[in-house]
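# Summary of the model geometry
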Amino acid sequence: MYTNRKMMAILVAFLLGLTLLSGCTPASEPAAPSEPAEPAEPAEPAAPSEPSASTGPEVGIVLPTRDEPRWVQDETRFNEALADSDYSVEILFSQGSSSNELQNVESLLTKGIKVLIICPHDGDAAAAAADAARAEGVTVISYDRLITGTESVDYYVTFDSIAVGAAQGQYLVDQAQGSDNPLYLYAGAASDNNAFLFFEGAWNVLQPKVADGTFRIINSSEAVNLQDKATLTRDEMGRIINQVTTNWDFNEARNKAESHLTSAGAADKGDVYILAPNDGTARSIADTFATDGDVTSFVVTGQDAEIASVQYIIDGRQSMTVFKDVRSLVKDSIEMALAVLDGQTPDTTGSYDNGVTDVPAKQTEVIVVDQDNVQAALIDSGYYEASQFTGL
Ligand code: BGC
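Just so we're clear, the structure is a prediction, and the values are computed from it rather than from any experiment.

### Some words on the sheet that holds strand E12 (residues 358-364)
Spatially, E2-E1-E3-E4-E5-E12-E11 is the arrangement adopted by the seven strands of the open sheet, whose pairing is mixed. Here the strands that pair on one side only, and so sit at the sheet edges, are strand E2 (89-93) and strand E11 (350-353). Direction aside, the axes of adjacent strands within the sheet are offset by 25° on average. Against the sheet, helix H12 (residues 326-341) touches strand E1 (59-63), strand E3 (115-118), strand E4 (139-143), strand E5 (155-159) and E12, its axis set at about 165° to E5.

### Concerning the packing of helix H9 (residues 250-263) against helix H10 (residues 279-290)
Across the interface, H9 lies against H10 with an axial gap of 8 Å and an inter-helix angle of 30°. Between H9 and H10 the crossing geometry is right-handed. Contact with H9, carried on its side by Phe250, Ala253, Arg254, Ala257, Glu258 and Leu261, involves Gly280, Thr281, Ser284, Ile285, Thr288 and Phe289 of H10 and no other residues of that element. A per-class count over the contact of H9 with H10 returns six nonpolar, four polar and two charged.

### A closer look at unusual backbone geometry
Of note, the phi angle at Asp304 is positive, near 110°, even though the residue is not glycine. Among the secondary structure elements, Asp304 is positioned in the loop between strand E9 (295-300) and helix H11 (307-315). A residue is classified by how much of its surface remains accessible, and Asp304, at 5% relative accessible area, is buried.

About the cut-offs
- Residue indices follow the written sequence of each chain, beginning from 1 at its first position.
- The model is predicted, so local features are restricted to residues of pLDDT at least 70 and side-chain atom pairs to those at 80 or more, both for listing and for counting; the totals for chains, interfaces and linings are taken over all residues.
- The side-chain figures draw on all heavy atoms in the structure; neither hydrogens nor water molecules are used.
- Pairing between strands is defined by DSSP: at least two bridges between the two strands are required.
- Secondary structure counts use DSSP, requiring at least four H or I residues in a row for a helix and at least two E residues in a row for a strand, with both numbered from the N terminus.
- Note on definitions: angles span 0 to 180 degrees between N-to-C directions of axes, and those axes are lines fitted to C-alpha atoms, for helices only across the stretch in contact.
- By definition in these notes, contact holds between two residues if any of their heavy atoms fall within 4.5 Å.
- Take the far helix as your reference; a near helix turned counterclockwise from it by less than a right angle gives a left-handed crossing, and one turned clockwise gives a right-handed crossing.
- Each residue is assigned to one class: nonpolar for Ala, Val, Leu, Ile, Met, Phe, Trp, Tyr, Cys and Pro, charged for Asp, Glu, Lys and Arg, and polar for all the others, Gly among them.
- Exposure classes here rest on a 1.4 Å probe applied to the protein chains alone. A residue is buried below 20% of its type maximum, exposed above 50%, and partly exposed in between.

Listed below in structure tokens is the structure:
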């Protein structure tokens, strides 16, 4: 009896420990707290009791999910960049849930962070988290994806997302020959402002080539209805995106591609062109198109230079990716955070309208990678090791 109780107590303690750990994974432990570094934080006595505030992290980082290699890559690069820093940082993942995200932010606020670097799962929903941080006097840096619909965003560090979409569209245009080439469109999640920017960039380049007959859109009646319009409103883009969204989900991408191929006739196949929004969805879509006997060849885009997609490119299973050097984004956001902690105004290069305010932004350029430059752009540059790939 006693033993059973004891076992039960141990089990409960163990399960409790697991629950506490899940969804909330501190990846970098407080580095040497050598300087308190917030000389001038004004009279904003940050929430209730926290005797530990001075020893807690100064910077909190919240990333959307560990389920996509892209964001694990960001975590790795943050840890590399912060290895020698005197500032203490904590990284949490929201696992694709806005309520986890809000909890993560609240937990960081009670630990006394001064700067929040956050990549929202859902741009609109994350406004609540940004507002909570602002209410505590914490500086909010939106990372890669813009938090929308609130004043409470101080800065934005991002890649040039319209250029990402334009590069994807241009790649398809450059590979296409003749006319009447079947074009399949896919998009990211409508809850992610970037999905609109990527689509806008791609549409700018592809639409004239649909209008002149080079491409014929196969899988979106909304896009066909709008194909004569060079510039789309956000609402119009939203109609197309809702029809061809992958939700950034590999399975949803695969299911959509399967159903599009099922309803397409043989004349809609042959040599096809596919706008896939990122690497994870590109691999799902490419694998699906590869199994269709009526598809003779396909050109498919991507972005992120994920390791698996770099291998796909080497193997000829994905045509291109847009390399977004995460080291630059990490460096920019850390520099911004440090400037704020030092009481300075961070450097910015422009601004983004989040629907309520123009958020000062720092933007990083992107690089197109295909078989021709994969070695130079990703291996010789030191981004990846040659040993991570076969057949280079
Ligand atoms: C990011 C992409 C990423 C996608 C899915 C976008 O906001 O910019 O790099 O592939 O989200 O996570």
